[in-house]
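# Secondary and tertiary structure notes
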Number of protein chains: 2
Amino acid sequence: MRTIVESSGLPADVYSAECPTRQVLNHIAGKWTILIVDALIDGTMRYTDLARRVQGVSQKMLTQTLRQLEADGFLTRTVHPTIPPRVDYDLTELGRSLAGPIAALREWTEAHINEIEKARQRASK
Amino acid sequence: MRTIVESSGLPADVYSAECPTRQVLNHIAGKWTILIVDALIDGTMRYTDLARRVQGVSQKMLTQTLRQLEADGFLTRTVHPTIPPRVDYDLTELGRSLAGPIAALREWTEAHINEIEKARQRASK
DNA sequence: CAGCATCCCCGTTGATACTG
DNA sequence: CAGTATCAACGGGGATGCTG
């Protein structure tokens, strides 16, 4: 089934450098996107929850990635005007539909890590 | 089902910065990896085939990504000692098992591009 | 054809400090 | 708590030229 991109009238094609799908794919393939979306599958997380869960991410990249995901419509950002402040992040319906394929990728990686490490050892000889 | 990483004895966990799965996930999330693996689903491709198919990739990044994928055991590189030279790239069994989740991601992107562009327009107002 | 080597830029990322 | 601001560094990535 072939999608027509409404903004251009052309068929969606990630292989085309100019197709908007390419940019979206690059967002999804960002260093932190997969981990963040995957972390939100089980429900709402606060900023600090995510920072603790996604080990190694800096504040800057966490914020930056979250804003990008929000702009793409994958998650919502809810600010509670309390003191101290509290911000909740939740997947949108669109985000949840993306979370499936993303979880599959995470699971694949975890399931095949031993096979990959063996291949690497063979390659380094 | 929980995988134990043989090299460390610890459970596989992409959320841990030190887990080898994290590095593999970062490879998969590389700017060109998804497109290249996806392009190989239908079978053998030569270097120039890939360069033409994956629009926008430079020779350097194409070569670099192919070598990384080879080292990870996702594809094989077969050099035919002919003149002019000819090099075939094929997914390994491991690579084909990865291609499933990757194709799902590409298909998701192409299927939802219009919804995403609408979200972006709302975000930019 | 299928690359490797080199130069070099600039965008991404990280560290650090500060704030409502 | 949940960021923002700023600076510095690193390496991803492109352009060009050359080769077996």
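Residues numbered from 1 in each chain as written. Chains lettered and ligands numbered in written order. Predicted model: local features only at pLDDT ≥ 70, side-chain atom pairs only at ≥ 80, totals over all residues. Heavy atoms only, no water.

### Some remarks on the protein's contact with DNA strand C
Heads up, the condition is: Only a single heavy atom is needed: when it lies within 4 Å of a molecule or strand, its residue is near that molecule or strand. Polar contact is the term for a pair of N or O atoms within 3.5 Å; when the atoms are in protein, one must be able to donate a hydrogen and the other to accept it, and sequence-neighboring residues count only if both atoms are side-chain atoms. Only DSSP runs of H or I covering at least 4 residues are called helices, and only runs of E covering at least 2 are called strands; the numbering of each starts at the N terminus. Think of it as three bins: nonpolar holds Ala, Val, Leu, Ile, Met, Phe, Trp, Tyr, Cys and Pro, charged holds Asp, Glu, Lys and Arg, and polar takes everything else, Gly as well.
Every one of the 20 residues lining DNA strand C counts as a neighbour, but Lys60 of chain A together with Arg46, Thr48, Arg77 and Tyr89 of chain B are closest to it. When atoms of DNA strand C within 4 Å of the protein are split into backbone and base, the sugar-phosphate part holds 62%. In this structure, Lys60 of chain A approaches DNA strand C through a side-chain N or O atom, which is 2.6 Å from a base oxygen. Here a sugar or linking oxygen of DNA strand C sits 3.4 Å away from a polar atom, N or O, in the main chain of Pro85 of chain B. Elements supplying a minimum of two residues to the surface near DNA strand C: helix H4 (59-71) of chain A together with helix H3 (47-53), helix H4 (59-71) and strand S3 (86-91) of chain B. For the surface near DNA strand C, the leading source of residues is H4 of chain B, giving 4 residues. Of the residues in the surface near DNA strand C, the class split is 8 nonpolar, 5 polar and 7 charged.

### So, the relation of the copies chain B and chain A
Put simply, the rule reads: Least-squares fitting of one copy onto the other uses the C-alpha atoms of those residues that reach a pLDDT of at least 70 in both copies. Any two residues whose heavy atoms approach within 4.5 Å at even a single point are treated as in contact.
After a rotation of 180 degrees and a shift along the axis of 0.0 Å, chain B superposes on chain A with an RMSD of 0.1 Å. Overall, the copies show the geometry of a two-fold rotation axis. Taking the C-alpha atom as reference, chain B places Ala29 of chain B closest to the rotation axis, 2.2 Å from it. With an isologous cut-off of 70% or more, the 100% of interface residues of chain B that recur at the interface of chain A puts this contact in the isologous class.

### A word on the packing of helix H1 (residues 20-28) of chain A against helix H5 (residues 93-123) of chain B
Put simply, the test is: Lines fitted to C-alpha atoms define the axes, with helix axes restricted to the stretch in contact, and inter-axis angles between N-to-C directions lie between 0 and 180 degrees. Any angle between 65 and 115 degrees counts as roughly perpendicular, while under 35 counts as roughly parallel, over 145 as roughly antiparallel, and the rest as oblique.
One way to put it is that H1 of chain A packs onto H5 of chain B with a least axis distance of 9 Å and a crossing angle of 105 degrees. As summarised for this structure, H1 of chain A and H5 of chain B are arranged roughly perpendicular, according to the angle between their axes. Along the contact surface, H1 of chain A presents Pro20, Thr21, Gln23, Val24, Leu25, His27 and Ile28 of chain A, while H5 of chain B presents Leu105, Trp108, Thr109, Glu110, Ile113, Ile116, Glu117 and Arg120 of chain B.

### Quick word on the protein's contact with DNA strand D
What surrounds DNA strand D is a group of 19 residues, the closest being Thr48, Arg77 and Tyr89 of chain A together with Lys60 and Pro85 of chain B. When the atoms of DNA strand D within 4 Å of the protein are grouped by moiety, sugar and phosphate amount to 62% of the total. At a separation of 3.4 Å, a phosphate oxygen of DNA strand D approaches a polar backbone atom of Val87 of chain A. The set of elements that each furnish at least two residues to the surface near DNA strand D consists of helix H3 (47-53), H4 and strand S3 (86-91) of chain A together with H4 of chain B. Here the surface near DNA strand D gets 4 residues from one element, more than from any other, and that element is H4 of chain A. Taken together, the residues of the surface near DNA strand D sort by class into 7 nonpolar, 5 polar and 7 charged.

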